[in-house]
Amino acid sequence: MTSVAQRRFSISAKQALAICGGLLGVCWLVLLFLHPSDQLQNAIFGVGEGALVGAIALSVTLTYSGSGVVNFAAAAVSMYSAFIFYDLRNLGRIFLPPPFPNIQIAHVRYVNEGFLFHQPVPPLPIWLSFLLTLVECVVLGLLFHFLIFRPLRKAPPLAKVVASIGLLIVLQESASLRHPSSSYNFESILPTGSWTVGGVAIPQDTAIMLAIVVVLAAAFWAIFKFTRFGLATRAAAENERGALILGYNPNRYAGVNWVLSTVLAGALGILFASVNGSIDPLTITLLIVPALAASLLGRF
């Protein structure tokens, strides 16, 4: 009886979500029909933020699929990574959370049979800043897994949620302490032109970011649907004991997914800051709310 009741509840919940989504779609189509140019242009302007929401939702899904953790800090990771890129690109330093000091990158030259460190480097190239940011994201993903969530793998789900919220607060406050101003200008690293279709301007950077998110979502869907890695990850998250019997290491798969989700959130956070033209500790962090809604709608 209990399983039948749960099944009925699940079906009714999905139907309710489908009805709500359908009503919202109909309302948007009505508005688009009444004011086609204005509504379509406004919708296009919101595509960049929507793409980042989708990327954060994808990051949340990766961590949940790999470790069973609902990661409330995914958007904060995007914000933090954008600040890492900002410091490398503009200040030539590696952004670290307090109480650790920032590491200033310096020139190294060979003088009198010895290495000499001297003046700080000028702004780093975009490609090098982006690459170093992704390397730091890999390190952050490993630290999150081994120092926080691996010790909590036997803990109740609520304890893991609390830990992820704590991580969100730490990342946001670290960025606020290092960069106390309300907002910082962020240079564009994507093409800034636009295409005009039917009187509607489509920004190139927004379209590129959307295309990247769609391709990544399709790639991760195929990986988790058809590859051994994806199937083993899902099996390890759902039944750890069964995965161990089959010879899979759940901790290893969880660590790999933490790294993937952190790198994904970090890379797309940089691209969104580029599209937005500015960065602050709050704007990107708050996108975790719609991202979690998207993940719930997709049933993780």
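For the structure, check the block above.
All values reported here derive from a predicted model rather than from experimental measurement.

### Overview of the overall build of the protein
The secondary structure content of the protein amounts to 11 helices and eight strands. Put simply, the protein has 300 residues, and 37% of those count as buried. On the protein, roughly 16,400 Å² of surface is accessible, and the fraction owed to carbon and sulfur atoms is 68%.

### Considerations on helix H6 (residues 157–178)
With 22 residues, H6 extends 32 Å between its outermost C-alpha atoms, agreeing within 8% with the 32 Å of an ideal straight helix rising 1.5 Å per residue. For H6, every residue scored as buried is listed here: Lys160, Val161, Ala163, Ser164, Leu167, Leu168, Leu171, Gln172, Ser174 and Ala175. When H6 is viewed along its axis, its buried side chains cluster within an angular range of 170° and face the same direction. Structural note: H6 exposes Leu158, Val162 and Leu177 on the side pointing more than 90 degrees away from its buried face.

### Focus on the packing of aromatic side chains
Per the stated rule, a full pass over the model turns up six aromatic pairs. Centroid distance phenylalanine 149 to tryptophan 258: 4.6 Å. Interplanar angle 15°. Geometry classified as stacked. One end of the pair, phenylalanine 149, is in helix H5 (residues 126–149); the other, tryptophan 258, is in helix H10 (residues 250–276), and 109 residues separate them in sequence. As far as burial versus exposure is concerned, phenylalanine 149 and tryptophan 258 are alike and both buried. Ring geometry for tryptophan 221 against phenylalanine 226: centres 5.5 Å apart, planes inclined by 85°, an arrangement best described as edge-to-face.

### Observations concerning the pattern of salt bridges
The full count for this structure, using the stated rule, is one salt bridge. In this structure, the salt-bridge partner of arginine 89 is glutamate 187, at a minimum N-O distance of 2.4 Å. Within this pair, whereas arginine 89 is found in helix H4 (residues 74–91), its partner glutamate 187 is found in the loop between strand E5 (184–185) and strand E6 (194–197), the two being separated by 98 residues in sequence. A relative accessible area of 30% means that glutamate 187 is categorised as partly exposed.

### Side note on the packing of H4 against H10
Here H4 crosses H10 at 60°, and the two axes come no closer than 7 Å. The angle between H4 and H10 falls in the class oblique. As for how H4 packs across H10, the hand of that crossing is right-handed. Contacts between H4 and H10 pair Ala74, Val77, Ser78, Ser81, Ala82 and Phe85 from the former with Thr262, Ala265, Gly266, Gly269, Ile270 and Ala273 from the latter. Classifying every residue of the contact of H4 with H10 gives seven nonpolar, five polar and no charged.

### Some points on empty space enclosed by the protein
A complete count under the given rule lists one cavity of 30 Å³ or more for this structure. If you add up the space inside the largest cavity, you get close to 30 Å³. What lines the largest cavity is simply Phe272, Ala273, Asn276, Ser278, Ile279, Asp280, Thr283 and Ile284. Here the residues of the lining of the largest cavity are counted per class, giving four nonpolar, three polar and one charged.

### Thoughts on the nonpolar core
Formed by 58 residues in total, the largest nonpolar core has its most connected members in Leu52, Ile56, Phe144, Phe186 and Leu268. At the level of secondary structure, the elements contributing two or more residues to this core comprise helix H3 (47–67), H4, H5, H6, helix H7 (204–226), H10 and helix H11 (288–297). Among the elements that take part in this core, H4 stands out by supplying 12 residues, more than any other.

### Here we look at the environment of methionine 209
Within the fold, methionine 209 resides in helix H7. Judged by relative accessible area, methionine 209 falls into the buried class, the value being 0%. Measuring from C-alpha to C-alpha, the distance between methionine 209 and alanine 55 comes to 10.0 Å, with 154 residues separating the pair along the chain.

### Describing a nonpolar patch on the surface
Side chains of Trp127, Leu131, Val135, Val138, Val139, Leu142, Leu143, Phe146 and Leu147 sit close together on the surface and give an oily, nonpolar patch of about 840 Å² of accessible area. By secondary structure assignment, the location of leucine 131 is in helix H5.

### With respect to the packing of H5 against H10
The interhelical angle for the contact between H5 and H10, taken along N-to-C directions, is 140°, at an axis separation of 8 Å. Overall, the two elements H5 and H10 adopt an arrangement that is oblique. Relative to H10, the crossing made by H5 is right-handed. Between H5 and H10, the residues in contact are Phe130, Thr133, Leu134, Cys137, Val138, Leu140, Gly141, Leu142, Phe144, His145 and Phe149 and Asn251, Ala254, Gly255, Trp258, Val259, Thr262, Val263, Gly266, Ala267 and Ile270, respectively. Residues of the contact of H5 with H10, tallied by class, amount to 14 nonpolar, seven polar and no charged.

### Details of H11
When H11 is considered as a whole, its buried residues turn out to be Ile288, Ala291, Leu292 and Ser295. Angular distribution of buried residues about the axis of H11 spans 100°; they occupy a single face of the element. Pointing more than 90 degrees away from the buried face of H11 are the exposed residues Val289 and Leu297.

Rules used throughout
- Chains are numbered independently. Their residues run from 1 in the order of the written sequence.
- Whole-chain, interface and lining totals are the exception, using all residues; otherwise, since this is a predicted model, local features are given only for residues with pLDDT of at least 70 and side-chain atom pairs are given and counted only at 80 or more.
- Excluded from the side-chain calculations are hydrogens and water; all other atoms, namely the structure's heavy atoms, are used.
- Segments assigned H or I by DSSP are reported as helices when at least four residues long, segments assigned E as strands when at least two residues long, and all are numbered from the N terminus.
- Relative accessibility under 20% of the residue-type maximum defines a buried residue, over 50% an exposed one, and the middle range a partly exposed one, all with a 1.4 Å probe and only protein chains included.
- Only the protein chains shown count as cover for residues, and all accessible areas are computed by the Shrake-Rupley method using a 1.4 Å probe.
- Multiplying 1.5 Å by the helix residue count minus one yields the expected span of that helix.
- To be clear, the arc concerns the directions from the helix axis to the C-beta atoms.
- Under the pairing criterion, centres of Phe, Tyr and Trp rings, with the six-membered ring standing for Trp, must be within 6.5 Å; the plane angle then separates stacked pairs below 30 degrees from edge-to-face pairs above 60, leaving the rest tilted.
- The salt bridge criterion pairs a side-chain nitrogen of Lys or Arg with a carboxyl oxygen of Asp or Glu, the two atoms within 4 Å.
- Angular values range over 0 to 180 degrees, each being the angle between N-to-C directions of two axes fitted as lines to C-alpha atoms, with helices fitted over their stretch in contact.
- An angle counts as roughly parallel when it lies under 35 degrees, as roughly antiparallel when it exceeds 145, as roughly perpendicular when it falls between 65 and 115, and as oblique in every other case.
- Here is the rule for handedness: rotate from the far helix to the near one, and if that takes an anticlockwise turn smaller than a right angle the crossing is left-handed, while a clockwise turn gives right-handed.
- Note on definitions: a residue-residue contact is assigned when non-hydrogen atoms from the two residues lie within 4.5 Å.
- Under the scheme applied here, ten amino acids are nonpolar (Ala, Val, Leu, Ile, Met, Phe, Trp, Tyr, Cys and Pro), four are charged (Asp, Glu, Lys and Arg), and all others, including Gly, are polar.
- Of the two site types, the cavity is a set of points on a 1 Å grid over the protein atoms alone where a 1.4 Å probe fits but cannot get out, and the pocket is an open set with protein on both sides within 12 Å along at least five of seven lines, each lined by residues with an atom within 4 Å of a point.
- Grid points are joined across faces, edges and corners, and a volume is the space filled by probe spheres set on the points.
- Among buried residues, those of type Ala, Val, Leu, Ile, Met, Phe, Trp, Tyr and Cys that are joined through side-chain atoms within 4.5 Å constitute a nonpolar core.
- Every patch collects residues that have over 30% relative accessible area and no salt bridge, joining them within 9 Å if they carry like charges and within 5 Å if they are nonpolar side chains (Val, Leu, Ile, Met, Phe, Trp, Tyr).

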